[in-house]
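Summary of the model geometry
Each chain, letter by letter, is given below.
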Amino acid sequence: MRPRAWCGVLAAVALSATACGGGGGGDAKKSDDAAAGERSGFPVSVTDCMGAKTTFESAPKRIVTSNAASLELLMWLGAGDKVAGTGFPPGKGALPGQYADRAAKVPVLGKTAIPKEKLLGSGADLYVDAFSSMKNMGKMGDAPTAKEFETAGIKHVFLKSTACAAMSKTPRTDLSGVEADIEELGKVTGTSARAAELVQEMRKKTGAVQDALKDVPQDKRPSYFFFDYDAGTKQPMAVCNRQVANAVIGMAGGRNVFDGCDGDFKPVGWEDVVAKNPDWIQLGVRNRGSEEANAKAFDEAAEFLKNFPATKDLTAVKEGRFLRIGSERTTIGGVRSADTVREIAHTLHPDRVK
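Everything quoted here is computed from the prediction, not taken from an experiment. (Residues numbered from 1 in each chain as written. Predicted model: local features only at pLDDT ≥ 70, side-chain atom pairs only at ≥ 80, totals over all residues. Heavy atoms only, no water.)

Right, let's get into the confidence of the model for the protein. Summing up the model confidence of the protein, the mean pLDDT is 87 and the portion of residues at 70 or higher is 86%. Within the model, the stretch residues 33-38 combines pLDDT values under 50 with one contact to residues more than four positions away or in other chains. The model gives residues 133-140 a pLDDT under 50, and that stretch makes 20 contacts with residues more than four places away or in other chains. (pLDDT = per-residue confidence, 0-100. Contact = heavy atoms within 4.5 Å.)

As a further point, take the sheet that holds strand β7 (residues 155-158). Backbone hydrogen bonds hold the strands of a sheet together, and the pairing may be parallel or antiparallel. A sheet is described by the order of its strands in space; here five strands give the open sequence β5-β4-β3-β6-β7, paired in parallel fashion. Edge positions in the sheet fall to β5 (108-110) and β7, since each has one partner strand and no second. Neighbour-to-neighbour, the strand axes of this sheet turn through a mean angle of 25 degrees, independent of strand direction. (Pairing = 2+ DSSP bridges. Helix = DSSP H or I, 4+ residues; strand = E, 2+ residues; numbered from the N terminus. Axes fitted to C-alpha atoms, helices over the stretch in contact; angles between N-to-C directions.)

All right, on to the nonpolar core then. Leu175, Ile182 and Ile344 are the most contacted members of the largest nonpolar core, which totals 56 residues. Put simply, the parts of the chain that give this core at least two residues each are β1 (44-47), α2 (68-77), α3 (97-104), β6 (126-129), α7 (176-189), α8 (192-213), α9 (244-251) and α14 (337-348). With eight residues, α2 is the single largest residue contributor to this core. Apart from the residues lying within four places of it in its own chain, the contact partners of Ile344 are Tyr224, Val248, Ala252, Gln282, Leu323 and Ile325. Among the nonpolar cores identified, the runner-up in size contains 22 residues, and Phe258, Ile281, Ala316 and Val317 belong to it. (Core = buried A, V, L, I, M, F, W, Y, C linked by side-chain atoms within 4.5 Å. Buried < 20%, exposed > 50% of the residue type's maximum accessible area, 1.4 Å probe, protein only.)

Further remarks concern empty space enclosed by the protein. The full count for this structure, using the stated rule, is one cavity of 30 Å³ or more. Here the largest cavity is characterised by a volume of approximately 30 Å³. Every residue along the wall of the largest cavity is listed here: Val157, Phe158, Leu159, Asp181, Glu184 and Leu185. Those elements giving two or more residues to the lining of the largest cavity turn out to be β7 and α7. Counting residues per element, the lining of the largest cavity draws most heavily on α7, which supplies three residues. Considering only residue class, the lining of the largest cavity consists of four nonpolar, no polar and two charged. (1 Å grid on protein atoms, 1.4 Å probe; cavity = no way out; pocket = protein on both sides within 12 Å on 5 of 7 lines; lining within 4 Å. Points joined across faces, edges and corners; volume = space filled by probe spheres on them. Nonpolar A, V, L, I, M, F, W, Y, C, P; charged D, E, K, R; others polar.)

Structure below.
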């Protein structure tokens, strides 16, 4: 049995931060600062999962990211030069090639969750977090409190499409939440124009897939099981309908076999998976740091299903209907969520999505 690595961490959270104070310097300086802020789009206010508002008077200068997904998003936005450290660093091949070298130079503050003391002492003025709380990540460290973040001068912003998924009132059926994250982080970092370009390109990609599949009836779309191999094999972890993966699967023309499950993730039994008898199974594994290690992990996941008594006779298993797509690209929202939609759609509907 493999230990649960990170599924439980994607739970309800608040996007909490403190408003930054203005500096002194006289009326003339205040007037100049106000004019500059207006030109750059500041001040900017954002809300957390509960609707509480935080105001940014200027773009952050030193950013720490919780993981590779947060780091990648800042790279896409053109704010990668402001990243001063990260947790869960990207392994080789985890990020797009154009960002690989730059990402490799980002200081690693934690191989997994960043230790509390190191995060608070990082000198950051913004922490971009894709997770709910480091307390939920085993015994890898305690999360700073809101007061401790405030005392350290660090604003704490969550990528809500992932971190707040469990709090969603309705199922996730599109990437609007992911797009909102990109636009919001673009406002906070002063890169709104770039954020708009990224969202437009995502919509172009997913729109093309939707057009290609528009006349495929829902009941004719193949059923799909996301096998979270890293969550453990003793008891499978279902991707529920509040999770971004539910949207990715649905937009790709598949039917998440656990789309009736409210929430983000939920432990189920292997008998539940067998009863669903999925047409396709995604082998969800986290990036291992190299193509060879990733390939080995995918092979291990496939071999488990082929040899496990409960799953070895499933049609998808016997016919090898597996998709080898990393967990992060499917369950953590980002710019490449649109590419994941297209990749899955091409596999499920190769005659329609080339």
